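# Overview (structure and organization)
Here is how the chains run, residue by residue.
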Amino acid sequence: MGSVTPSVRPGRSTAGRLQTIVVAVIAVVVIAILAWSAMGGSGDGFTKVEIAPDTGVTAPTVGSPPTPFSGLTYDGKPASLADYAGKPLWLTFGGSWCSDCRVEMPVLVETYNRYSGEGLSVLGVFINEPAADTGAYAQRVGIPFPIISDASGKIASAYRLMGVPTHVFIGRDGLIKEIKIGALAKDEMEAAVAAILAE
């Protein structure tokens, strides 16, 4: 009686390898989604932030004056919301750690450069990061407008921010015309800027 050689079905090892690859890809995608979610990503163009539960200050709303504040820019210069009285102002909250903020920043800078000659002012407030980190990012990207360092999140809490980026558009009359949460497209930026410049 001769020895029996077990038969091997063709394609079996290929199917096994394919199954292993599919499982590995799914695992990587799941891990990436969990990591992104843990970092605060929302999928809505903004990154959630933690703020003080109650500051005793009413959140600014459209049609009302913005909550006054002052602070130091990342390079140590004093800056205040009052410095912009009577000027159309785009107040933008963000942070170098915020991926949505980084995505929109080149377009924000481009829009500022285009309209600053027409009287537009932009004041940035970068929250929850050291001034040195803000400064390094601003210099690397070439941000031409001042950015206040809100490392403690005190200003962000006064504005009751849900996430960053958040944009507050203020008219010459000192009243808020529009509040937008999340990264803005170029046409959205230009429309909001045109509205406060037209007054």
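Quick summary incoming for the structure in this document. (Residues numbered from 1 in each chain as written. Predicted model: local features only at pLDDT ≥ 70, side-chain atom pairs only at ≥ 80, totals over all residues. Heavy atoms only, no water.)

Next up on the list: the environment of Lys186. For Lys186, the position within the fold is in helix H5 (residues 186-197). Look at Lys186 and you get partly exposed, because its relative accessible area is 39%. Here the alpha-carbon distance between Lys186 and Thr111, two residues 75 residues apart in the chain, equals 7.7 Å. (Helix = DSSP H or I, 4+ residues; strand = E, 2+ residues; numbered from the N terminus. Buried < 20%, exposed > 50% of the residue type's maximum accessible area, 1.4 Å probe, protein only.)

Okay, unusual backbone geometry next. Cis peptide bonds are those with omega within 30 degrees of zero, and the linkage from Val164 to Pro165 qualifies with 0 degrees. Here Pro165 shows up in the loop between strand E7 (163-164) and strand E8 (166-170). Residues other than glycine seldom take positive phi values, yet Asn128 does so here, at roughly 55 degrees. Mapped onto the secondary structure, Asn128 falls in the loop between strand E5 (121-127) and helix H3 (131-141).

Glancing now at the nonpolar core. The biggest cluster of nonpolar side chains holds 23 residues, and the ones touching the most others in it are Phe69, Leu91, Phe93 and Tyr159. Residue assignment for this core shows that the elements contributing at least two residues are strand E4 (89-94), E5, helix H4 (154-158) and E8. Those residues in contact with Phe93 that sit more than four places away from it in its chain are Val125, Ile127, Ile155, Tyr159, Leu161, Val164, Pro165, Thr166 and Val168. Grouped together as the second largest cluster of nonpolar side chains are 21 residues, Val109, Ile147, Phe169 and Val193 included. (Core = buried A, V, L, I, M, F, W, Y, C linked by side-chain atoms within 4.5 Å. Contact = heavy atoms within 4.5 Å.)

Where burial is concerned, most of E5 is hidden: seven out of the seven residues are buried. Here E5 shows a buried face lined by Ser121, Leu123, Val125 and Ile127 and a second buried face lined by Val122, Gly124 and Phe126. Examined bridge by bridge, E4 and E5 share six bridges and lie parallel to one another. Counted as the bridge partner of Leu91 is Leu123 from E5. Crossover handedness for the path E4 to helix H2 (residues 99-115) to E5: right-handed. Pairing of E5 with strand E6 (residues 147-150) involves four bridges; the strand directions are parallel. The partner of Ile127 across the bridge, within E6, is Asp150. Following the chain from E5 across H3 to the adjacent parallel E6, one finds a crossover that is right-handed. (Pairing = 2+ DSSP bridges. Right-handed = clockwise from strand over helix to strand, strands pointing away.)

With respect to the element layout, Thr134 can be found in helix H3. For Thr134, a relative accessible area of 0% corresponds to the buried category. Other than its neighbours up to four places away in sequence, Thr134 contacts Tyr74, Phe126, Glu129 and Ile147.

Here we come to the state of the cysteines. Under the counting rule described, the total for this entry stands at one disulfide. At a sulfur-sulfur separation of 2.4 Å, the disulfide partner of Cys98 is Cys101. Negative torsions about the S-S bond denote left-handed disulfides, and the value of about 80 degrees found for Cys98 with Cys101 makes this one right-handed. Assigned by exposure class, Cys98 and Cys101 land together as buried. (Disulfide = S-S within 2.5 Å.)

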